[in-house]
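Residue strings, one per chain:
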Amino acid sequence: MSDALLDVRDLVVRYGDTTAVDHVSFTLAPGETLALNGPSGCGKSSTAQAVLQLRRPDAGEVVFEGRELTTLTERELRPVRPRMQPVFQDPYGSLSPRHRIGDAVAEPLRIQGRRPTPDQVAELLDRVGLDPSYGDRRPHELSGGQCQRAGIARALASEPRLLVLDEPVSSLDPSVRAGVLNLLADLQDDLGLGYLFICHDRAVVRHFADRVVEMREGRVISG
Amino acid sequence: MPSDVPLSPDAPFPPDALLSVRDLRIAFDGVEVVRGLSFDVRPREALAIVGESGAGKSLTARALLGMLPRGATRNGTIEPDLAAHRGRRISLVPQDALSALSPVHPVGDQLAAAVRSVARVSRKEARARAVAALDRVGIPDAARKARAYPHEYSGGMRQRAVIAMATVNEPDIVVADEPTTALDEERRDQVLRVLAEQREAVGAALVLVTHDMDVVRDHADRVLVMYAGRLTELGPAEEVLARPRAPYTAGLLASLPQHAPPGRRLPALRGTPPAPGSLPPGCAFTPRCPLAADACHTVEPEPQEVEKRLVACHRWPELPHPATELFHE
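Residues numbered from 1 in each chain as written. Chains lettered and ligands numbered in written order. Predicted model: local features only at pLDDT ≥ 70, side-chain atom pairs only at ≥ 80, totals over all residues. Heavy atoms only, no water.

Draft legend 1. The pairing of strand β1 (residues 19-28) of chain B, seen in detail. All names here are of chain B. Bridge count between β1 and strand β2 (residues 31-41): eight bridges; the pairing is antiparallel. Within β2, the residue paired with phenylalanine 28 across the bridge is valine 31. What sits between β1 and β2 in their antiparallel hairpin is a turn of two residues, with aspartate 29 showing a positive phi close to 50 degrees. Bridge analysis of β1 against strand β4 (residues 72-79) gives seven bridges, and the strand direction is antiparallel. Across the sheet, the residue bridging to phenylalanine 28 is alanine 72, located in β4. (Pairing = 2+ DSSP bridges. Helix = DSSP H or I, 4+ residues; strand = E, 2+ residues; numbered from the N terminus.)

Shown next as structure tokens:
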């Protein structure tokens, strides 16, 4: 599929003798949410890490915006990484406790050698429904839902096309979870982002995803 | 409470309670986080406590165990004082099975030590009870597995071992604090099934702190809904979930994707729970409540008996059905 944002073909990830991801293939269109669903240990998070090239796959291809990533060097990946950003499960664990929220949100831009202005940071926080004053606070001063919003703001900073969301709402109360899912839906509508959405909660997946890939023991069993 | 309602076994406060909590108050530095909570635990029942983070549900569970964090002051009564017999009459299933077991002692030794901490029995007898408890939770070849260390157990086996630990002394009440939050659905149901079997076997009641409404529906007899340290609604789980009588309960249920109307946006409770110490006057839920009226801003509602439940809301008779529609956009 040439118009796919992400085209994963025969992906294989091994840990020693264990095959965590066993010839997994799927595509994801711009503006689409594709869920990877399955029990703990089914390989969904390993798939996500391999897509992001945080762990290099043992075989298969990851074609993102028409470029095959698995053969690229770290240096060659550098301009690609800002366009595919992760959002993790643990909102506190994914933000450094010592850094202010504003610094954490601006960090992806600094890594690219850009100098984010306070206005840019304020706009990112506003975009995720956080008052810009939160930029001066540290993660422990925020609730779980607010922390997750800050994590999303940070992921948006580098203007990505794809968010890889690894259990982004699994540690949140249902009421807070609804707010974060609504935010993600609004961002997708506004920005046309593709979402690779990893989640073990079937009710959330059914509500939120356009398509679902079911995984068991490293393999795709439907989708 | 109206006096014309007879005290039937279905009534909110039946005479045969296993444990009665009355006007429980828990404060830190003079700021009350649990603010006058009363409920009973009945023999052999599964009572779920739900509510958003900060509602006081974990603190309430910890108060039952006598395990409040340092700096907490407690007022009100919990009778009988099972916490004085923690490990024997009341026990805890914690959230994290791995950290609940010592890594440096075989699992069977840890269970035997738990037995000997409350019962004057020989080492041999304690050992036999430990192996029997492991066998009961479905650990294959329990006698051999009792000699193994926690790291030699799979994740699922460790969870079973923790349940064996909590039930080995045949307590009256098992308290489980978010025991399945980190688990996927299959493992969650498996853990709760094993827990239910063990409770059945030893005749224990369960107090289950959770934010998972699926767990409430499938595993609880009654549910206590808490908001800002108070009781909002208490009643039979199935009926409360099917027809909530308090707007807050309805809001919690409305935000579940399985109850959402078609379309991508979920109905969400607007705003966040108030911080302890800066509560609004009147009912603490008023700023987020779509039904709030004048009285709600001035008088904090007391729990009153509504059918077979307790409901703390001035406006409950005005609640539409289905009440979750109140929160749809």
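Draft legend 2. How the structure looks around the packing of aromatic side chains. Going through the model one piece at a time under the given rule, you end up with five aromatic pairs over all chains. With a centroid separation of 4.5 Å and an interplanar angle of 55 degrees, the aromatic rings of B:Tyr227 and B:Tyr248 are classed as tilted. One end of the pair, B:Tyr227, is in strand β8 (residues 222-227); the other, B:Tyr248, is in helix α10 (residues 247-254), and 21 residues separate them in sequence. The buried category is assigned to B:Tyr227, whose relative accessible area is 5%. The exposure class assigned to B:Tyr248 is buried, which follows from its relative accessible area of 1%. Arranged with centres 5.2 Å apart and planes meeting at 70 degrees, the rings of B:Tyr248 and B:Phe285 form a pair that is edge-to-face. Residue B:Tyr248 is located in helix α10, and its partner B:Phe285 is located in the loop between α10 and β10 (304-306); the two are separated by 37 residues in the primary sequence. A cation over an aromatic ring shows up here: A:Arg137 above the ring of A:Tyr134, its NZ or CZ 4.3 Å from the ring centre. We note B:Lys145 situated over the ring of B:Tyr153; from NZ or CZ to the ring centre the distance is 4.8 Å. (Phe/Tyr/Trp six-rings, centres within 6.5 Å; stacked < 30°, edge-to-face > 60°. Buried < 20%, exposed > 50% of the residue type's maximum accessible area, 1.4 Å probe, protein only. Lys NZ or Arg CZ within 6 Å of the ring centre and 35° of its normal.)

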